[in-house]
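This is what each chain is made of:
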Amino acid sequence: MLTQAAENFGLLASPARLHIVWALAQGESDVTGLAERVGGALPAVSQHLTKLKLAGLVRSRREGRRQVYFVDDPDVVDVVRLVLGRLSDRAAGADVPVPRLRGL
């Protein structure tokens, strides 16, 4: 289980993929709209989506000729929001306590 978690965090360690997941957490999109939202090249965004989809972090459904992508796991959205929220708070100078895991 830890190996799978590390692989998923590894995928999210890419700023481009993290940005894609963050954008999809705000609302579903097709690859063209997503590329515009994140400011990425269409082929690169498509490749990142494929990796995220294979890992189960992103899903898609067909709407006519379009493939619409979304984050189906609320826990993934929660983790991304938590990390980005904490970083935003720290950048703003807020004193945010960091919880410690037992045994570490």
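Think of each chain on its own: its residues are numbered from 1, step by step along the sequence as written. The model is predicted, so local features are restricted to residues of pLDDT at least 70 and side-chain atom pairs to those at 80 or more, both for listing and for counting; the totals for chains, interfaces and linings are taken over all residues. Water and hydrogen atoms play no part in the side-chain values, which are based on all heavy atoms of the structure.

**Comments concerning the overall build of the protein**
Reasoning step 1: Helix and strand labels come from DSSP, where a helix needs a run of H or I of at least four residues and a strand needs a run of E of at least two; each type is numbered from the N terminus. For the protein, the helix and strand inventory stands at five helices and three strands.
Reasoning step 2: Listing every helix and strand of the protein by position from the N terminus yields α-α-β-α-α-β-β-α.
Reasoning step 3: Type-normalised accessible area, obtained with a 1.4 Å probe on protein chains alone, sets the label of each residue: buried when under 20%, exposed when over 50%, and partly exposed for intermediate values. Here the protein, with 104 residues, has 29% of them falling under the buried criterion.
Reasoning step 4: Here the Shrake-Rupley method, with its probe set to 1.4 Å, supplies the accessible areas, and only the displayed protein chains count as covering residues. A total of about 7200 Å² of accessible surface is found on the protein, and carbon and sulfur atoms cover 56% of it.

**Focus: the sheet that holds strand β3 (residues 66–70)**
Reasoning step 1: Between any two strands, at least two bridges found by DSSP are needed for them to pair. Judged by pairing direction, the sheet is antiparallel, and its three strands sit side by side in the order β1-β3-β2 without closing on themselves. If you trace the sheet from one side to the other, it starts and ends with β1 (29–30) and β2 (59–63), each paired once.
Reasoning step 2: Sheet topology note: the β2/β3 ladder contains five bridges and is antiparallel. The partner of R59 across the bridge, within β3, is F70.

**So, the layout of surface pockets**
Reasoning step 1: The distinction between a cavity and a pocket rests on a 1 Å grid over the protein atoms alone: a 1.4 Å probe fits inside a cavity but cannot get out, while a pocket stays open yet meets protein on both sides within 12 Å along at least five of seven lines, and a residue with an atom within 4 Å of a point counts as lining. Grid points are joined across faces, edges and corners, and a volume is the space filled by probe spheres set on the points. Taken as a whole, the largest pocket spans an internal volume of roughly 170 Å³.
Reasoning step 2: Contributing to the lining of the largest pocket are A5, N8, F9, L12, L57, D73, D75, V76, V79 and V80.
Reasoning step 3: Note that Gly is not counted as nonpolar here; it falls among the polar residues with everything else outside the nonpolar set of Ala, Val, Leu, Ile, Met, Phe, Trp, Tyr, Cys and Pro and the charged set of Asp, Glu, Lys and Arg. Here the lining of the largest pocket is composed, by residue class, of seven nonpolar, one polar and two charged.

**Quick notes on a nonpolar patch on the surface**
Reasoning step 1: Patch membership is restricted to residues that have no salt bridge and whose relative accessible area is over 30%. Joining uses 9 Å for like charges and 5 Å for the nonpolar side chains Val, Leu, Ile, Met, Phe, Trp and Tyr. Each salt bridge in this description consists of a side-chain nitrogen of Lys or Arg and a carboxyl oxygen of Asp or Glu lying within 4 Å of one another. On the surface, F9, V79, V83 and L87 cluster together into a nonpolar patch covering about 350 Å² of accessible area.
Reasoning step 2: Looking at where V83 falls in the secondary structure, it is placed in helix α5 (residues 74–91).
Reasoning step 3: What makes V83 partly exposed here is its relative accessible area of 41%.

**Section: the packing of helix α2 (residues 15–26) against helix α3 (residues 31–38)**
Reasoning step 1: Throughout, an axis means a line fitted to C-alpha atoms (over the contacting stretch in the case of helices), and angles, computed between N-to-C directions, take values from 0 to 180 degrees. In contact at an axis separation of 10 Å, α2 and α3 are set at 110 degrees when each is read in the N-to-C sense. Classified by the interaxial angle, the pair formed by α2 and α3 is roughly perpendicular. The two elements α2 and α3 meet at a crossing, and its hand is right-handed. Packed against α2, whose contacting residues are H19, I20, A23, L24 and Q26, the element α3 presents L34, R37 and V38 at the interface.
Reasoning step 2: Across the contact of α2 with α3, the residue classes break down as five nonpolar, two polar and one charged. Note on angle classes: values under 35 degrees are labelled roughly parallel, values over 145 roughly antiparallel, values of 65 to 115 roughly perpendicular, and the remainder oblique. Crossing handedness is defined as follows: a turn of the near helix away from the far one that is anticlockwise and smaller than a right angle gives a left-handed crossing, while the clockwise case is right-handed. Only heavy atoms enter the contact rule, under which two residues are in contact if any of them lie within 4.5 Å.

**A word on the nonpolar core**
Reasoning step 1: Nonpolar cores are built from buried Ala, Val, Leu, Ile, Met, Phe, Trp, Tyr and Cys residues. Side-chain atoms within 4.5 Å join them into one set. Among the nonpolar cores identified, the biggest contains 20 residues, and I20, L24, L34 and L49 are the most heavily contacted of them.
Reasoning step 2: For this core, the secondary structure elements donating two or more residues are α1 (2–12), α2, α3, α4 (42–54) and α5.
Reasoning step 3: For this core, the leading source of residues is α2, giving five residues.
Reasoning step 4: Apart from the residues lying within four places of it in its own chain, the contact partners of I20 are L34, V38, V45, H48, L49 and L52.

**As for the packing of α2 against α5**
Reasoning step 1: As a packed pair, α2 and α5 sit with axes 10 Å apart at the nearest point and diverge in direction by 110 degrees. Classified by the angle their axes make, α2 and α5 are roughly perpendicular. Relative to α5, α2 is oriented so that their crossing is left-handed. Residues L18, V21, W22, A25 and Q26 of α2 pack against V76, V77, V80, R81 and L84 of α5.

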